[in-house]
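Reading the structure
So the chains spell out like this:
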Amino acid sequence: VVSRAWDSRIPLLPAGSRGGAHRLVQQVAGGEAATVQKSLGGNAFRLAVDSFVPGMRAALLVAGVLMLVASAGAFLAFRPPRPLPEPAASYPASLARYDEAR
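All values reported here derive from a predicted model rather than from experimental measurement.

Two elements in contact, helix H1 (residues 2–9) and helix H5 (residues 44–78), have axes whose closest approach is 8 Å; the angle formed by their N-to-C orientations is 150 degrees. Considering the angle they form, H1 stands roughly antiparallel to H5. Pair H1 / H5 crosses with right-handed handedness. Here Val2, Ala5, Trp6 and Arg9 of H1 come into contact with H5, specifically with Leu47, Ala48, Asp50, Ser51, Phe52 and Gly55. Across the contact of H1 with H5, the residue classes break down as six nonpolar, two polar and two charged.

Right, here's the structure in full:
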């Protein structure tokens with residue numbers, strides 16, 4: 001997500017800075033906007049931040065979904081087992097009448 005956002009913003013950089021912008025995608029993805037600004041100058045800081053934020057949002061969304069899945073799995077895996085029915089309640093009606101007659 002970040003690399004696509006950064007690639008779409010490279011044409012907005014000053015003409016002399018565009019050549020080295022592709023090699024800085026790791027710094028942009030890491031949120032190192034100050035490093036990008038020092039390397040490229042101009043409006044690179046704002047463009048790096050604008051490219052970083054969608055990637056961070058996507059990562060947080062994926063992390064949230066995974067946490068929900070993990071919590072649902074933990075809930076299902078660690079809940080106590082269901083109690084077994086009592087033996088008297090499991091007799092068929094005909095056997096229950098036989099026991100009462102004795």
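Next comes the rest of the account.
Where helix H4 (residues 33–40) contacts H5, the two axes come as close as 8 Å, and the packing angle between them is 140 degrees. In terms of their interaxial angle, H4 and H5 are classed as oblique. Between H4 and H5 the crossing geometry is right-handed. Between H4, through Ala33, Ala34, Val36, Gln37 and Leu40, and H5, the contact on the second element is made entirely by Ala44, Phe45, Ala48 and Val49. Residues that form the contact of H4 with H5 fall into these classes: eight nonpolar, one polar and no charged.

Calculation notes
- Residues numbered from 1 in each chain as written.
- Predicted model: local features only at pLDDT ≥ 70, side-chain atom pairs only at ≥ 80, totals over all residues.
- Heavy atoms only, no water.
- Axes fitted to C-alpha atoms, helices over the stretch in contact; angles between N-to-C directions.
- Helix = DSSP H or I, 4+ residues; strand = E, 2+ residues; numbered from the N terminus.
- Parallel < 35°, antiparallel > 145°, perpendicular 65-115°, else oblique.
- Left-handed = near helix turned anticlockwise from the far one by under 90°.
- Contact = heavy atoms within 4.5 Å.
- Nonpolar A, V, L, I, M, F, W, Y, C, P; charged D, E, K, R; others polar.

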